[in-house]
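Survey of secondary and tertiary structure
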Amino acid sequence: MSIAIGIVDAALEEAQKRRVQVSAVHLRLGALSGVVKDALLFSYEIACQDTALRGSKLIVEDVPVAVFCPQCKERRTLASVQSFACPECGAATMDILQGKELEIVALEVEEEGVRNE
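The sections below set out a description of the structure shown in this document.

So, how was this worked out
Each chain carries its own residue numbering, running from 1 in the written order of its sequence. For a predicted model such as this one, the threshold for reporting local features is a pLDDT of at least 70, and the threshold for listing and counting side-chain atom pairs is 80 or more; totals across whole chains, interfaces and linings nevertheless cover every residue. Calculation of side-chain values draws on the structure's entire complement of heavy atoms; hydrogens and water are dropped beforehand. Paired strands, in this sense, are two strands between which DSSP finds at least two bridges. Counting from the N terminus, the helices are the DSSP runs of H or I reaching at least four residues and the strands are the DSSP runs of E reaching at least two. Every axis in this analysis is a line fitted to C-alpha atoms, fitted for helices over the stretch in contact. Angles between the N-to-C directions lie between 0 and 180 degrees. Should a side-chain nitrogen of Lys or Arg be within 4 Å of a carboxyl oxygen of Asp or Glu, the pair is scored as a salt bridge. Any residue under 20% of the maximum accessible area for its type is buried, any over 50% is exposed, and the rest in between are partly exposed; the area is computed with a 1.4 Å probe on protein chains only. In this description, a nonpolar core means a group of buried Ala, Val, Leu, Ile, Met, Phe, Trp, Tyr and Cys residues linked to one another through side-chain atoms lying within 4.5 Å. The criterion used for residue contact is that any of the two residues' heavy atoms lie within 4.5 Å. A helix is expected to span 1.5 Å multiplied by its residue count minus one. In this description, one arc is meant: the one made by directions from the helix axis to the C-beta atoms.

Moving on: the sheet that holds strand 4 (residues 74-77). A sheet is described by the order of its strands in space; here three strands give the open sequence 4-3-5, paired in antiparallel fashion. Edge positions in the open sheet fall to strand 4 and strand 5 (96-98), since each of these has one partner strand only. For this sheet the average axis-to-axis angle between neighbouring strands, irrespective of direction, equals 40 degrees.

Counted by the stated rule, this structure contains six salt bridges. Where Glu-61 meets Arg-28, a salt bridge forms, and the shortest distance between an N and an O atom there is 3.1 Å. One end of the pair, Glu-61, is in strand 2 (residues 57-63); the other, Arg-28, is in strand 1 (residues 20-30), and 33 residues separate them in sequence. You can call Glu-61 partly exposed: its relative accessible area is 40%. Between Glu-101 and Arg-28 there is a salt bridge; the shortest N-O distance is 3.7 Å. In this pair, Glu-101 is assigned in the loop between strand 5 and strand 6 (102-111) and Arg-28 in strand 1, connecting sequence segments 73 residues apart.

Another aspect to go through is the nonpolar core. Counting 19 residues, the largest nonpolar core has Ile-7, Val-8, Val-25, Leu-40, Tyr-44, Leu-53 and Leu-58 as its most contacted members. Contributions of two or more residues to this core are made by helix 1 (2-18), strand 1, helix 2 (37-48) and strand 2. A total of six residues in this core trace back to one element, the largest contributor, which is helix 1. In contact with Ile-7, other than residues within four places in its own chain, are Val-25, Leu-27, Leu-40, Tyr-44, Leu-58 and Ile-104.

Let us now look at unusual backbone geometry. Positive phi, normally seen in glycine, also occurs at Arg-19, with a value near 55 degrees. Here Arg-19 shows up in the loop between helix 1 and strand 1. The class for Arg-19 is exposed, based on a relative accessible area of 61%. One non-glycine residue, Asp-50, lies in positive phi territory at about 65 degrees. With respect to the helices and strands, Asp-50 occurs in the loop between helix 2 and strand 2.

A word on helix 2. Taking 1.5 Å of rise per residue, the 12 residues of helix 2 would be expected to cover 16 Å, and the 16 Å separating its terminal C-alpha atoms lies within 8% of that figure. Inspection of helix 2 places Leu-40, Ser-43, Tyr-44, Ala-47 and Cys-48 among the buried residues, and these make up the whole buried set. Seen from one end, helix 2 has its buried residues packed into an arc of 130 degrees, which puts them on one side. Away from the buried face of helix 2 by more than 90 degrees, exposed residues Asp-38, Phe-42 and Glu-45 are located. One or two positions beyond helix 2, positive phi appears at Asp-50, with a value near 65 degrees.

Have a look at this one:
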C-alpha cells in the first residue's frame, strides 16, 4: 500500500505543477522489484480514493530480468528468476542489467477541468 500511495503522491504533485488532470499513470515494474503486480493494482485503486486521481488507471509494463553473460559477452533475457544462468550457454551470471525497475514513466493527462468520462 505504501508504494501505491507513493505513486499517487508523485502523480498528484506533477499534476498540480502542470495544472492537469491525470487519467492514467504508466509504470515500469521489474520482475525483481519485490512488488506483486496484482496487489499494487488493487492498492492503487484504494490509494486514489478521495484524491484528484480517483478513476485514473495504473498501466503496468512488466520488465523481464536481463543479464550480461560473461561467456557469450551478450545481453540475455532470463526465462525465469529461479536460475541466473545464460539461456544460451548456461554460464552463471549475477550481472543484472534490468529487472529491478519500479518507475513512473508517463502520465496521461487532460487539461484541468476537462475530463472525458
